[in-house]
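A look at the structure
Here is how the chains run, residue by residue.
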Amino acid sequence: MTQLSSTDTDTSAEAEPQPDERREAWAARLADSLGNGYAEHHIIGGSDLWVRVARDSWTDAATAARDLLGCQFFDWLSAIDWLPSPFGRDMDAQEDNPEPKAADPMEQGHAGGETRFQMVMRLYSITEHMGLTIKADLPDGDLSIDTLIGVYPGADWHEREAWEMFGIHFNNHPDLRNIYLPGEFEGNPLRKDFPLLARRVKPWPGIVDVELFPGEEDS
Amino acid sequence: MTAVGTDQRQQLAYVATQAADARLNVEIETEGMTLNIGPQHPATHGTLRLVARLDGEQVVEAEPIMGYLHRGYEKLADVRTYPQVTTLINRIDWLGSFANEVPFILAAEQLMEVEAPPRAAWIRTILFELSRLANISLFLGDMGMQLGAITPVFFAFRDREFVLNQIEAVTGGRFHPNFDRIGGLKDDLPKGWIDETRGVMVKMRNFCDELEDLLLGNEIFEARTRGVGVIPADVALSYGLSGANLRASGVDWDMRRDNPCGLVHDQLDWKVWTHPDGDSFARYWVRLQETREATHMIEQMLDGLPGGPVMAKVPVIIKVPAGEAYVATENPLGVMGYYVVSKGDLGPFRVKIRSASFNNISVTPWVMRGVYVPDVITILASLYFILGDIDR
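Each value, and the rule that gives it
Residue numbers restart at each chain and count upward from 1, following the sequence in its written direction. By the order in which they are written, chains take letters starting at A while ligands take numbers starting at 1. In keeping with the predicted nature of the model, local features appear solely for residues at pLDDT of at least 70, side-chain atom pairs appear and are counted solely at 80 or more, and the whole-chain, interface and lining totals rest on all residues. The secondary structure listing takes helices from DSSP runs of H or I that are at least 4 residues long and strands from runs of E that are at least 2 residues long, numbered from the N terminus. To assign burial, the other C-beta atoms lying within 10 Å of each residue's own C-beta are counted, with C-beta atoms placed from the backbone; 20 or more indicates buried, 12 or fewer indicates exposed, and intermediate counts indicate partly exposed. Contact between two residues is assigned when their C-beta atoms, built from the backbone, lie within 7 Å. Asp, Glu, Lys and Arg are counted as charged, while Ala, Val, Leu, Ile, Met, Phe, Trp, Tyr, Cys and Pro are counted as nonpolar; the rest, among them Gly, fall into the polar class. In this scheme, strands are said to pair when DSSP sees at least two bridges between them.

**Some remarks on the overall build of chain A**
- Across its full length, chain A holds four helices and eight strands.
- Overall, chain A shows an N-to-C arrangement of helices and strands of β-α-β-β-α-β-β-β-β-α-β-α.
- When the 219 residues of chain A are sorted by exposure, 34% land in the buried category.
- Here the contacts in chain A between residues at least 6 apart in sequence split such that 64% fall between residues at least 24 apart.

Laid out in structure tokens, this is it:
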């Protein structure tokens with residue numbers, strides 16, 4: 001059974017370029033292949049690579065990552081809503097109609113961005129043992145992006161999830177409907193302006209956990 | 001005689017034509033039938049509903065319907081603090097709960113730039129692998145039950161109990177330990193635990209031997225699993241299958257060996273098992289080998305356990321600096337990752353949970369096209385999912 005298993009637990013990392021150099025190389029190859037569709041990238045030393053592309057280059061970026069970088073493994077796809085929650089963090093029912101908190105400025109994360117909604121996908125190369133996260137901005141008026149099913153068939157369910165949770169439309173998706181929520185459900189729960197009703201109705205007792213212990217002055 | 005003979009021949013010919021007509025009619029007039037499997041079928045490990053459109057005994061199309069157990073953890077995590085989130089994510093894969101906490105804590109630690117002390121990292125890895133035993137041992141028995149052999153599932157429940165006892169002795173919780181903390185662990189190991197665990201590892205290996213005797217050589221088991229539900233490597237990768245399901249398709253990739261972020265698997269001597277076939281049998285075989293491998297890993301870790309504290313210096317009130325991190329580990333069911341976005345608050349701004357079963361089950365419409373009805377159960381059982389891990 002030796003051919004079925006592998007015992008090479010230590011890789012010869014010294015001989016190959018360091019991971020961060022390889023990440024730089026990945027970013028450069030993606031930038032080459034996408035041209036104007038490439039926005040920027042961000043590397044966290046020794047850990048990860050974030051890339052932001054234009055919305056129109058979304059599927060091209062996935063294709064390039066699969067074919068040029070060898071990212072055959074489709075990890076996941078989702079979206080992120082950068083709007084600061086109008087309800088604050090606790091969402092407790094101290095008052096019936098809370099004043100909307102002063103709007104914090106929206107701050108996008110690694111690799112930047114301009115819009116409230118961003119798409120995020122995570123791909124992984126099982127040969128290089130490195131992954132990358134690709135983001136794309138979605139303009140507020142037009143929350144739609146091309147489907148990735150043609151590149152990674154596994155994107156199907158993830159896109160359905162993003163559709164119901166964030167209300168993002170995927171062009172050319174053959175079967176875009178709710179995956180978890182009932183069909184008649186209204187709203188997009190993971191948007192920050194969708195209230196968590198359970199918390200609005202009854203304060204959560206667990207909130208005491210974040211109070212200081214007796215005798216603790218400061219953190 | 002001749003007349004009778006002629007009659008007989010005529011009769012036989014008549015019967016033959018009738019039978020041929022009947023066959024023809026059956027083939028022509030069969031209407032598609034829709035079969036609902038679940039939500040409460042034992043093969044679904046929870047409440048998965050599978051709608052299968054049948055043509056005779058063959059599945060034309062199968063579609064899993066989820067959401068019966070959707071608890072909205074990603075939304076709930078928005079309003080909780082970091083230590084409170086582990087309580088939620090314990091319930092994702094409820095058979096190997098401790099393993100759920102690990103990638104989340106590692107992601108938070110990465111953002112805070114704290115590192116658990118060596119002893120904590122080792123105990124974490126021990127509990128991580130014990131969760132794997134608790135999780136996969138149930139699969140090993142349950143798969144037998146799905147195929148009609150009751151005995152393995154009794155063995156599984158019997159021996160899994162020893163593992164749960166060990167987890168309970170450390171954490172106080174059999175199913176939901178909630179033991180991992182940012183910066184280390186809640187407590188150290190209790191006295192005498194290491195020797196007891198060594199005994200349990202021997203029991204678990206005996207359990208694997210028993211199942212190997214019971215099932216792997218069994219003619220019925222082989223007939224029902226060999227060549228059933230074959231998933232080629234490229235399909236498995238493009239659907240994001242992970243864990244034993246991917247390794248059973250011949251892909252030699254294990255996060256424990258290739259991305260050992262924070263855990264100590266890279267300091268142990270073990271190997272990654274793969275199988276080239278990609279069928280249900282291969283998935284069972286790989287998991288059986290992995291269970292054995294996990295017992296060896298735990299024994300090595302018990303031998304080499306370093307001393308020292310189990311908790312790093314972290315503030316009482318945990319505020320995680322702004323940033324983003326994605327950490328994934330090789331959990332019992334496959335790759336599980338948390339994408340954590342922090343804005344410097346008491347709690348995360350956004351948590352995306354990448355659970356293994358969601359991707360593993362998304363391949364079912366592809367793999368079930370054209371299989372026979374009994375094979376549906378085999379495939380569902382061999383892909384091995386936990387509903388909490390799909391619905392989150």
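**Some points on the interface of chain B and chain A**
- Taken together, the contacts link 44 residues of chain B with 42 residues of chain A.
- Listing elements by their share of the side of chain B that touches chain A, those giving two or more residues are α2 (73-77), α9 (233-238), α11 (255-258), β6 (272-273), β7 (323-331), β9 (350-354) and α13 (356-361) of chain B.
- No other element matches the three residues that β9(B) contributes to the side of chain B that touches chain A.
- Here the residues of the side of chain B that touches chain A are counted per class, giving 16 nonpolar, 14 polar and 14 charged.

**What to know about the environment of N135(B)**
Residues and elements named next belong to chain B.
- Positionally, N135 belongs in helix α5 (residues 118-146).
- Exposure remark for N135: the 24 C-beta atoms within 10 Å place this residue in the buried category.
- Sequence separation between N135 and S97 is 38 residues; the distance between their C-alpha atoms is 8.8 Å.
- The residues contacting N135, other than those within four sequence positions of it, are D93, L95, G96 and P332.

**What to know about the pairing of strand β1 (residues 33-37) of chain B**
All names here are of chain B.
- Counting buried residues along β1, only zero of its five residues qualify, which leaves the element largely exposed.
- When β1 meets strand β2 (residues 49-55), the two strands line up antiparallel, connected through five bridges. Counterpart to M33 in the pairing with β2 is L54.

Nothing here speaks to function; it is geometry throughout.
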